[in-house]
Amino acid sequence: MKRNAIFERCEYNMLEWIEQALGDGWKLTTAGGLTGEAFFAKKDNKQLFLKRNSSPFLAVLSAEGIVPKLVWTRRMENGDVITAQEWLEGRELKPSDMKDERVASLLHKIHHSTELLDMLMRIGIIPLTSDDIFQTIKQQISQLDLLKENVDVQIALKHLETLLPKTRGQKLVVCHNDLNHNNLLMSKNGSLYLIDWDNATIADPASDFGLILKWYIPRDEWRNWLKNYGIEKDDHILERMYWYLIHDSLHYLIWHLKRKEPAKVMERLRGLKELNDQVEEMF
(Lines give C-alpha, C1' and ligand atoms only; values in the text may rest on other atoms or scores of the structure.)
Protein backbone atom coordinates (compact mmCIF):
# COMPACT_ATOMS: atom_id res chain seq x y z
CA MET A 1 0.00 0.00 0.00
CA LYS A 2 1.37 3.45 -0.91
CA ARG A 3 2.29 5.93 1.82
CA ASN A 4 -0.45 8.40 0.86
CA ALA A 5 -3.02 5.63 0.96
CA ILE A 6 -1.83 4.59 4.42
CA PHE A 7 -2.04 8.19 5.63
CA GLU A 8 -5.56 8.59 4.23
CA ARG A 9 -6.64 5.33 5.88
CA CYS A 10 -5.22 6.42 9.25
CA GLU A 11 -6.96 9.79 8.95
CA TYR A 12 -10.23 8.05 8.06
CA ASN A 13 -9.95 5.75 11.10
CA MET A 14 -9.30 8.76 13.33
CA LEU A 15 -12.29 10.65 11.94
CA GLU A 16 -14.44 7.55 12.42
CA TRP A 17 -13.28 7.10 16.01
CA ILE A 18 -13.85 10.77 16.88
CA GLU A 19 -17.31 10.72 15.36
CA GLN A 20 -18.16 7.71 17.53
CA ALA A 21 -16.74 9.44 20.61
CA LEU A 22 -18.76 12.58 19.94
CA GLY A 23 -22.03 10.75 19.40
CA ASP A 24 -24.86 11.36 16.93
CA GLY A 25 -25.43 14.66 15.19
CA TRP A 26 -21.89 16.05 15.14
CA LYS A 27 -20.40 17.10 11.81
CA LEU A 28 -16.64 16.69 11.70
CA THR A 29 -14.23 18.44 9.30
CA THR A 30 -10.44 18.73 9.22
CA ALA A 31 -8.93 22.02 10.36
CA GLY A 32 -6.39 22.07 7.53
CA GLY A 33 -2.71 21.28 7.44
CA LEU A 34 -0.90 18.13 6.37
CA THR A 35 -0.73 16.24 9.65
CA GLY A 36 -4.42 15.50 10.09
CA GLU A 37 -4.18 16.31 13.80
CA ALA A 38 -6.80 19.06 14.17
CA PHE A 39 -10.55 19.06 13.48
CA PHE A 40 -13.68 21.15 13.83
CA ALA A 41 -16.84 19.59 15.21
CA LYS A 42 -20.26 21.22 14.89
CA LYS A 43 -23.71 20.28 16.15
CA ASP A 44 -26.64 22.69 16.04
CA ASN A 45 -25.22 25.88 17.59
CA LYS A 46 -22.36 24.11 19.38
CA GLN A 47 -18.78 24.04 18.06
CA LEU A 48 -15.60 22.36 19.29
CA PHE A 49 -11.96 22.44 18.24
CA LEU A 50 -10.39 18.97 18.45
CA LYS A 51 -6.71 18.10 18.40
CA ARG A 52 -4.72 14.88 18.58
CA ASN A 53 -1.97 14.47 21.19
CA SER A 54 -1.98 17.98 22.62
CA SER A 55 0.44 18.63 25.46
CA PRO A 56 -0.75 17.93 29.04
CA PHE A 57 0.11 21.61 29.48
CA LEU A 58 -3.21 22.42 27.76
CA ALA A 59 -5.25 21.63 30.88
CA VAL A 60 -3.39 24.20 32.99
CA LEU A 61 -3.52 26.80 30.22
CA SER A 62 -7.29 26.29 30.09
CA ALA A 63 -7.67 26.54 33.87
CA GLU A 64 -5.70 29.79 33.81
CA GLY A 65 -7.95 31.23 31.09
CA ILE A 66 -5.06 31.60 28.64
CA VAL A 67 -6.53 29.32 25.95
CA PRO A 68 -10.19 28.57 25.15
CA LYS A 69 -11.79 26.24 27.69
CA LEU A 70 -10.85 22.56 27.58
CA VAL A 71 -14.13 20.62 27.40
CA TRP A 72 -12.90 17.03 27.52
CA THR A 73 -9.96 14.70 26.94
CA ARG A 74 -10.35 11.13 25.61
CA ARG A 75 -7.90 8.35 24.77
CA MET A 76 -8.25 6.45 21.51
CA GLU A 77 -7.80 2.69 21.17
CA ASN A 78 -4.34 3.18 19.66
CA GLY A 79 -3.19 5.28 22.63
CA ASP A 80 -3.58 8.69 21.00
CA VAL A 81 -5.29 11.37 23.07
CA ILE A 82 -7.96 13.67 21.64
CA THR A 83 -8.71 17.00 23.33
CA ALA A 84 -11.80 19.12 22.71
CA GLN A 85 -11.80 22.86 23.30
CA GLU A 86 -14.56 25.39 23.22
CA TRP A 87 -14.77 27.14 19.85
CA LEU A 88 -15.25 30.87 20.36
CA GLU A 89 -16.49 33.43 17.89
CA GLY A 90 -13.81 36.04 17.43
CA ARG A 91 -10.79 36.98 15.36
CA GLU A 92 -7.01 36.87 15.23
CA LEU A 93 -5.30 40.08 16.25
CA LYS A 94 -4.01 42.43 13.59
CA PRO A 95 -0.43 43.73 13.87
CA SER A 96 -1.75 47.10 15.06
CA ASP A 97 -3.64 45.34 17.89
CA MET A 98 -0.39 44.27 19.54
CA LYS A 99 -0.18 47.71 21.16
CA ASP A 100 -3.32 46.89 23.17
CA GLU A 101 -2.66 46.91 26.93
CA ARG A 102 -4.42 43.54 27.18
CA VAL A 103 -1.55 41.91 25.25
CA ALA A 104 1.00 43.16 27.77
CA SER A 105 -1.29 42.18 30.64
CA LEU A 106 -1.81 38.63 29.32
CA LEU A 107 1.92 38.15 28.83
CA HIS A 108 2.60 39.38 32.37
CA LYS A 109 0.05 36.86 33.68
CA ILE A 110 1.73 34.01 31.79
CA HIS A 111 5.24 34.95 32.90
CA HIS A 112 4.19 35.18 36.55
CA SER A 113 2.11 31.99 36.74
CA THR A 114 3.56 29.43 39.14
CA GLU A 115 0.95 26.89 37.97
CA LEU A 116 2.17 27.05 34.37
CA LEU A 117 5.80 26.84 35.47
CA ASP A 118 5.15 23.84 37.72
CA MET A 119 3.38 21.95 34.92
CA LEU A 120 6.14 22.57 32.36
CA MET A 121 8.70 21.35 34.88
CA ARG A 122 6.59 18.24 35.58
CA ILE A 123 6.43 17.29 31.90
CA GLY A 124 10.18 17.54 31.58
CA ILE A 125 10.85 20.95 30.08
CA ILE A 126 14.35 21.99 31.16
CA PRO A 127 14.96 25.71 31.92
CA LEU A 128 17.19 27.40 29.35
CA THR A 129 19.88 29.67 30.77
CA SER A 130 21.52 32.22 28.52
CA ASP A 131 24.87 30.47 29.00
CA ASP A 132 23.42 27.19 27.73
CA ILE A 133 21.81 28.96 24.78
CA PHE A 134 25.06 30.77 23.95
CA GLN A 135 27.12 27.58 23.96
CA THR A 136 24.60 25.84 21.69
CA ILE A 137 24.43 28.61 19.09
CA LYS A 138 28.22 29.04 19.13
CA GLN A 139 28.64 25.32 18.45
CA GLN A 140 26.12 25.40 15.60
CA ILE A 141 27.85 28.38 14.01
CA SER A 142 31.20 26.60 14.28
CA GLN A 143 29.85 23.40 12.72
CA LEU A 144 28.60 25.34 9.69
CA ASP A 145 31.80 27.41 9.50
CA LEU A 146 29.75 30.62 9.40
CA LEU A 147 32.33 32.86 11.06
CA LYS A 148 34.66 32.65 8.07
CA GLU A 149 31.90 33.41 5.60
CA ASN A 150 30.02 36.36 7.06
CA VAL A 151 31.12 39.46 8.96
CA ASP A 152 27.65 40.08 10.40
CA VAL A 153 27.64 36.63 12.01
CA GLN A 154 31.04 37.45 13.55
CA ILE A 155 29.73 40.75 14.90
CA ALA A 156 26.52 39.15 16.20
CA LEU A 157 28.39 36.44 18.08
CA LYS A 158 30.64 39.10 19.59
CA HIS A 159 27.58 41.06 20.75
CA LEU A 160 26.17 37.90 22.35
CA GLU A 161 29.42 37.38 24.21
CA THR A 162 29.65 41.02 25.33
CA LEU A 163 26.05 41.26 26.52
CA LEU A 164 25.95 37.77 28.07
CA PRO A 165 26.75 38.96 31.64
CA LYS A 166 23.69 41.24 31.53
CA THR A 167 21.45 38.22 30.93
CA ARG A 168 22.61 36.15 33.89
CA GLY A 169 20.80 35.74 37.19
CA GLN A 170 17.31 36.33 35.79
CA LYS A 171 14.20 34.52 37.01
CA LEU A 172 13.30 31.99 34.30
CA VAL A 173 9.59 31.72 33.51
CA VAL A 174 7.20 30.07 31.07
CA CYS A 175 7.71 31.65 27.64
CA HIS A 176 5.48 31.09 24.63
CA ASN A 177 8.40 31.43 22.19
CA ASP A 178 6.28 32.21 19.12
CA LEU A 179 4.61 35.52 19.83
CA ASN A 180 3.05 36.76 16.62
CA HIS A 181 -0.34 38.37 16.11
CA ASN A 182 -1.78 35.25 14.45
CA ASN A 183 -1.48 33.34 17.72
CA LEU A 184 -3.53 35.85 19.70
CA LEU A 185 -7.32 35.52 19.51
CA MET A 186 -9.89 38.06 20.66
CA SER A 187 -13.35 36.70 21.41
CA LYS A 188 -16.50 38.72 20.75
CA ASN A 189 -16.79 39.51 24.46
CA GLY A 190 -13.27 40.98 24.50
CA SER A 191 -11.41 38.07 26.11
CA LEU A 192 -7.88 37.55 24.83
CA TYR A 193 -6.30 34.13 24.32
CA LEU A 194 -2.83 32.97 23.31
CA ILE A 195 -2.77 29.72 21.34
CA ASP A 196 -0.22 27.36 19.71
CA TRP A 197 1.98 26.42 22.67
CA ASP A 198 4.03 23.74 20.90
CA ASN A 199 7.29 25.74 21.31
CA ALA A 200 6.84 26.70 24.98
CA THR A 201 10.06 26.99 26.99
CA ILE A 202 11.28 28.08 30.41
CA ALA A 203 13.51 31.08 29.84
CA ASP A 204 14.08 34.79 30.42
CA PRO A 205 10.81 36.67 29.76
CA ALA A 206 12.80 39.16 27.68
CA SER A 207 12.97 36.46 25.00
CA ASP A 208 9.19 36.76 24.67
CA PHE A 209 8.40 40.46 24.85
CA GLY A 210 11.48 41.41 22.84
CA LEU A 211 9.82 39.89 19.78
CA ILE A 212 6.68 41.97 20.34
CA LEU A 213 8.63 45.18 20.77
CA LYS A 214 10.77 44.60 17.71
CA TRP A 215 8.02 43.58 15.28
CA TYR A 216 5.00 45.54 16.47
CA ILE A 217 5.83 48.50 18.72
CA PRO A 218 7.54 51.73 17.55
CA ARG A 219 10.77 52.27 19.46
CA ASP A 220 9.57 55.48 21.08
CA GLU A 221 6.67 53.49 22.63
CA TRP A 222 8.75 50.67 24.10
CA ARG A 223 8.96 52.18 27.57
CA ASN A 224 5.21 52.66 27.74
CA TRP A 225 4.57 49.07 26.60
CA LEU A 226 6.99 47.74 29.21
CA LYS A 227 5.25 49.84 31.86
CA ASN A 228 1.91 48.28 30.87
CA TYR A 229 3.59 44.88 31.13
CA GLY A 230 4.72 45.73 34.65
CA ILE A 231 8.37 46.76 34.35
CA GLU A 232 9.15 50.04 36.07
CA LYS A 233 12.90 49.65 36.53
CA ASP A 234 15.29 48.96 33.67
CA ASP A 235 17.29 46.01 35.08
CA HIS A 236 19.27 45.78 31.81
CA ILE A 237 16.01 45.03 30.03
CA LEU A 238 17.09 46.38 26.64
CA GLU A 239 20.41 44.53 26.72
CA ARG A 240 18.62 41.30 27.56
CA MET A 241 16.01 41.88 24.87
CA TYR A 242 18.59 42.51 22.16
CA TRP A 243 20.61 39.50 23.28
CA TYR A 244 17.64 37.23 22.63
CA LEU A 245 16.71 38.98 19.39
CA ILE A 246 20.21 38.42 18.03
CA HIS A 247 20.12 34.79 19.14
CA ASP A 248 16.72 34.33 17.51
CA SER A 249 18.02 35.81 14.26
CA LEU A 250 21.06 33.50 14.26
CA HIS A 251 18.90 30.50 15.10
CA TYR A 252 16.63 31.04 12.10
CA LEU A 253 19.55 31.88 9.85
CA ILE A 254 20.96 28.43 10.62
CA TRP A 255 17.52 26.85 10.18
CA HIS A 256 17.09 28.30 6.69
CA LEU A 257 20.66 27.38 5.73
CA LYS A 258 20.00 23.76 6.62
CA ARG A 259 16.77 23.82 4.60
CA LYS A 260 18.66 25.32 1.64
CA GLU A 261 16.46 28.43 1.38
CA PRO A 262 18.80 31.14 0.02
CA ALA A 263 16.18 33.89 -0.19
CA LYS A 264 15.27 33.39 3.49
CA VAL A 265 18.96 33.25 4.41
CA MET A 266 19.56 36.65 2.80
CA GLU A 267 16.49 38.04 4.57
CA ARG A 268 17.83 36.80 7.92
CA LEU A 269 21.27 38.27 7.22
CA ARG A 270 19.73 41.67 6.51
CA GLY A 271 17.79 41.46 9.77
CA LEU A 272 20.93 40.43 11.62
CA LYS A 273 22.85 43.44 10.28
CA GLU A 274 20.02 45.72 11.39
CA LEU A 275 20.17 44.28 14.91
CA ASN A 276 23.96 44.64 15.00
CA ASP A 277 23.68 48.30 14.01
CA GLN A 278 21.05 48.96 16.68
CA VAL A 279 23.16 47.33 19.40
CA GLU A 280 26.20 49.39 18.41
CA GLU A 281 24.07 52.52 18.42
CA MET A 282 22.44 51.85 21.80
CA PHE A 283 25.22 50.24 23.81
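Computed from a predicted model, the values in this text were never measured in an experiment.

Colleague: Got a sec to walk through the overall build of the protein? Specific residues and values, please.
Modeller: Looking only at helices and strands, one finds eleven helices and ten strands in the protein. By its C-alpha atoms, the protein is 65 × 50 × 35 Å across when sized along the principal axes. A burial count over the protein gives 42% of its 283 residues as buried. Within the protein, counting contacts between residues at least 6 apart in sequence, those at least 24 apart form 66% of the total. Looking at the protein as shown, the accessible area adds up to about 16200 Å², and 49% of this sits on carbon and sulfur atoms. If the 38 positive side-chain charges of the protein are averaged to one point and the 42 negative ones to another, these points end up 2 Å apart.

Colleague: Run through the pattern of salt bridges, naming residues and quoting values.
Modeller: Throughout the structure, instances matching the rule amount to ten salt bridges. The salt bridge partner of E221 is K99, with a shortest N-O separation of 3.9 Å. Of the two residues, E221 sits in the loop between α8 (206-216) and α9 (222-229) while K99 sits in the loop between β6 (90-92) and α3 (101-111), which places them 122 residues apart along the sequence. Judged by relative accessible area, which is 40%, K99 ranks as partly exposed. R102 serves as the salt-bridge partner of D100, at 2.8 Å between the closest nitrogen and oxygen.

Colleague: Report on the environment of L269, specifying residues and quantitative values.
Modeller: Mapped onto the elements, L269 comes out in helix α11 (residues 262-282). For L269, a relative accessible area of 15% corresponds to the buried category. For the pair L269 and L22, spaced 247 residues apart in sequence, the C-alpha to C-alpha distance is 49 Å. Setting aside residues no more than four positions away along its own chain, L269 makes contact with N150, V153 and L253.

Colleague: How would you sum up the side chain of D208? Please name residues and give values.
Modeller: One can find D208 in helix α8. Of the side chains with opposite charge, R240 comes closest to the buried, unpaired D208, at an N-O distance of 11 Å. Engagement of the side chain of D208 in a polar contact is seen with the side chain of H111, the distance being 2.9 Å. Those residues in contact with D208 that sit more than four places away from it in its chain are L107, H111, V174, C175, H176, N177 and L179.

Colleague: So what's going on with the sheet that holds strand β4 (residues 70-75)? Which residues, and what values?
Modeller: Taken in spatial order, the five strands make up an open sheet running β1-β2-β3-β5-β4, and their pairing is antiparallel. The sheet terminates laterally at β1 (27-30) and β4, the two strands that pair on one side only. Neighbour-to-neighbour, the strand axes of this sheet turn through a mean angle of 25°, independent of strand direction. The sheet contact formed by β1 and strand β2 (residues 38-43) spans four bridges and is antiparallel. Looking at the pairing, L28 lines up with A41 of β2.

Colleague: I'd love a proper account of the packing of α3 against α8, names of residues and values included.
Modeller: Where α3 meets α8, the closest approach of the two axes is 11 Å, and the angle between their N-to-C directions is 170°. Taken together, the axes of α3 and α8 lie roughly antiparallel to each other. The hand of the α3/α8 crossing is right-handed. For the pair formed by α3 and α8, the contact residues are V103, L107 and H111 on the first element and D208, F209 and I212 on the second. Classifying every residue of the contact of α3 with α8 by side-chain character gives four nonpolar, one polar and one charged.

Colleague: Let's hear about the nonpolar core: which residues, and what values?
Modeller: Judged by nonpolar contacts, the single largest core of 65 residues is most densely connected at F57, I66, W197, F209, I212, W225 and L250. Here the element with the most residues in this core is helix α10 (residues 237-258); it accounts for eleven residues. Leaving out residues up to four positions away in the same chain, F209 has contacts with L107, H111, W225, L226, Y229, I231 and I237. Ranked by size, the runner-up nonpolar core spans twelve residues in total, among them W26, L28, L50 and A84.

Calculation notes
Residues numbered from 1 in each chain as written. Predicted model: local features only at pLDDT ≥ 70, side-chain atom pairs only at ≥ 80, totals over all residues. Heavy atoms only, no water. Helix = DSSP H or I, 4+ residues; strand = E, 2+ residues; numbered from the N terminus. Buried < 20%, exposed > 50% of the residue type's maximum accessible area, 1.4 Å probe, protein only. Contact = heavy atoms within 4.5 Å. Areas by Shrake-Rupley, 256 points an atom, 1.4 Å probe, with all protein chains shown as cover. Lys, Arg positive; Asp, Glu negative; His and termini not counted. Charge placed at Lys NZ, Arg CZ, Asp CG, Glu CD. Salt bridge = Lys/Arg side-chain N within 4 Å of Asp/Glu carboxyl O. Polar contact = N/O pair within 3.5 Å; in protein donor to acceptor, adjacent residues only side chain to side chain. Pairing = 2+ DSSP bridges. Axes fitted to C-alpha atoms, helices over the stretch in contact; angles between N-to-C directions. Parallel < 35°, antiparallel > 145°, perpendicular 65-115°, else oblique. Left-handed = near helix turned anticlockwise from the far one by under 90°. Nonpolar A, V, L, I, M, F, W, Y, C, P; charged D, E, K, R; others polar. Core = buried A, V, L, I, M, F, W, Y, C linked by side-chain atoms within 4.5 Å.

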